[in-house]
Amino acid sequence: MIACRVCAIMFGLTFLTGSACGMELELDAWQGEHVLYESSPSLQVCQGTHAWVDKFVPFVAGELGLDVGRIQHYRWLDESDYTCSPEIIGCTSGIQASSLRPFLLHELVHTILYSLDFPYQPFFGEGIAFAFDPWYGENLGIRYLVHKKGAEKLADPRPYMTLGRQDLSYPLAGSFVMFLLARHDPAKFLTFLRELGTSRDMNIIEGAFRAAYGLELDDEAESFMTGVPCTEQSFGPGLYDCTSPEVPWTGDAWSFHDVMDCASETVAGGVGPERAWSSIRSVTLEVPATGFYQFSVKSDSNRIGVMLGPCSSCPWENSDVVVPSPGSKIAELEAGTHFVRIQAPSDETLNFEFSLRPAALP
Ligand SMILES: [Zn+2]
């Protein structure tokens, strides 16, 4: 447990604070409503990072039906300040998340649950962190992290539930927890965590599952492996990008052009002395009617990546569309809210232009 030794914290101040090993670290600090964000002075935080990290806390709490807990601490550290194991990119100690990345939101899921006194069990603890940050903060990617090929079943999650963190399959744990959160009231998952405690004993896991869900773990694991149909009752868990501002349509096309710039309050990311991390920015749009649409991307760099996906969907559907720059794709979209996530290098300022318009059948 790390205690901040500073009594009064003000925006943008550099101050001394306690670290895990008792050394004094000199860090830049930003105090948000929910998160105290600190960073090594050698690192330049993109302007939108603080708010992106801060608002993640009420998002997760809201998705789980929890009250927002205490202030969380997030530290983006350079290698000389970093005290987690060097093989991993982030770790937590109590409500203190530390990472080599400007916004590894995964770690905040751990601190939020810790601050509300939820016990940590490796498979389910890592699973829920993955479920709310499937792209590890800055990546583009797929939501459900394991895939069924044809009639093949997914891997059995049960043998992994008794393993320690080092031996886990994080993608499998994340996908199984997404499956549970999509199919059942999230409150049942929280009841399950409390019933389970920190146990890795299969009998206790099965008993806690039965007590929380009124179901057999074996039956849910089998349904996960064989797959279930996607219905409106199995949308979820929510996606943080879907809380982003909406860009409206103009006439019968949707278009959006702007600049990815680390100095913009809409862009999360960061630059260090030796490298730049990915920056991201997300917006939302309303698809007016189910049908085929052409999504086109233009930019002055091919180093921009763009992903479009539905906000209401089953995580195993993987209906997100990744479009290269420059490029375009025709995809069938369901009516409803979608997100667009833009990824670029944080040390470049890039113009981009997107459009979405109804298309003929491909
Ligand atoms: Zn984790």
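Because the structure is a prediction, the values reported are computed rather than measured.

What counts, and where the lines are drawn
Residues numbered from 1 in each chain as written. Predicted model: local features only at pLDDT ≥ 70, side-chain atom pairs only at ≥ 80, totals over all residues. Pairing = 2+ DSSP bridges. Helix = DSSP H or I, 4+ residues; strand = E, 2+ residues; numbered from the N terminus. Axes fitted to C-alpha atoms, helices over the stretch in contact; angles between N-to-C directions. Buried ≥ 20, exposed ≤ 12 C-beta atoms within 10 Å, placed from the backbone. Arc of directions from axis to C-beta. Contact = placed C-beta atoms within 7 Å. Domains from an automatic or database assignment. Nonpolar A, V, L, I, M, F, W, Y, C, P; charged D, E, K, R; others polar.

Chemist: Lay out the sheet that holds strand S13 (residues 321-323) in plain terms, naming residues and giving numbers.
Modeler: Spatially, S10-S15-S12-S13 is the arrangement adopted by the four strands of the open sheet, whose pairing is antiparallel. Each having just a single partner strand, strand S10 (278-287) and S13 make up the two edges of the open sheet. Between one strand and the next, the sheet's axes are offset by a mean angle of 20 degrees, whatever the strand orientation. Strand direction decides the pairing type here: strand S12 (residues 305-310) and S13, joined by three bridges, are antiparallel. Looking across to S13, one finds that Leu308 is bridged to Val321.

Chemist: Tell me about the sheet that holds strand S16 (residues 350-358), and please be specific about residues and values.
Modeler: Within the open sheet, the four strands sit side by side as S8-S16-S11-S14. Their pairing is antiparallel. Sheet topology places strand S8 (254-260) and strand S14 (327-333) at the edges, where each strand pairs with a single neighbour. If you compare each strand with its neighbour and ignore which way they point, the axes differ by 15 degrees on average. Pairing of S8 with S16, which is carried by seven bridges, proceeds in the antiparallel orientation.

Chemist: Quick rundown of helix H2 (residues 56-64)? Include the residues and the values.
Modeler: Of all the residues in H2, the buried ones are Phe56, Val57, Phe59, Val60 and Leu64. Buried residues in H2, looked at end-on, bunch into an arc of 165 degrees, giving them a common side. On its buried face, H2 sits against strand S3 (35-39), helix H1 (49-54), strand S5 (72-76), helix H3 (105-115), helix H4 (122-132) and helix H6 (186-196). Residue Gly65 follows H2 closely and has a positive phi angle near 70 degrees.

Chemist: Tell me about the pairing of strand S2 (residues 24-31), and name the residues and values.
Modeler: When S2 meets S3, the two strands line up antiparallel, connected through four bridges. If you follow Asp28 over to S3, its bridge partner there is Ser39. Counting the residues in the hairpin turn of S2 and S3 gives three residues.

Chemist: Let's hear about unusual backbone geometry: which residues, and what values?
Modeler: Residue Pro237 follows Gly236 across a cis peptide bond; omega there is -5 degrees. Tracing the backbone shows Pro237 in the loop between helix H8 (217-226) and S8. Across the junction of Ser325 and Pro326, the peptide omega takes the value -10 degrees, indicating a cis bond. With a phi angle near 65 degrees, Asp117 is a residue other than glycine that sits in the positive phi range. For Asp117, the position within the fold is in the loop between H3 and H4. A positive phi angle is found at Tyr136, which is not glycine, with a value near 50 degrees. You can see Tyr136 is positioned in the loop between H4 and helix H5 (170-183). Here Tyr136 falls in the partly exposed class, since 17 other C-beta atoms lie within 10 Å of it.

Chemist: How would you sum up the domain arrangement of the protein? Please name residues and give values.
Modeler: With domains assigned, the protein is organised as domain 1 (14-117) and domain 2 (240-358). Taken together, the contact pairs 16 residues of domain 1 with 17 residues of domain 2. Here the residues of the side of domain 1 that touches domain 2 sort into nine nonpolar, five polar and two charged.

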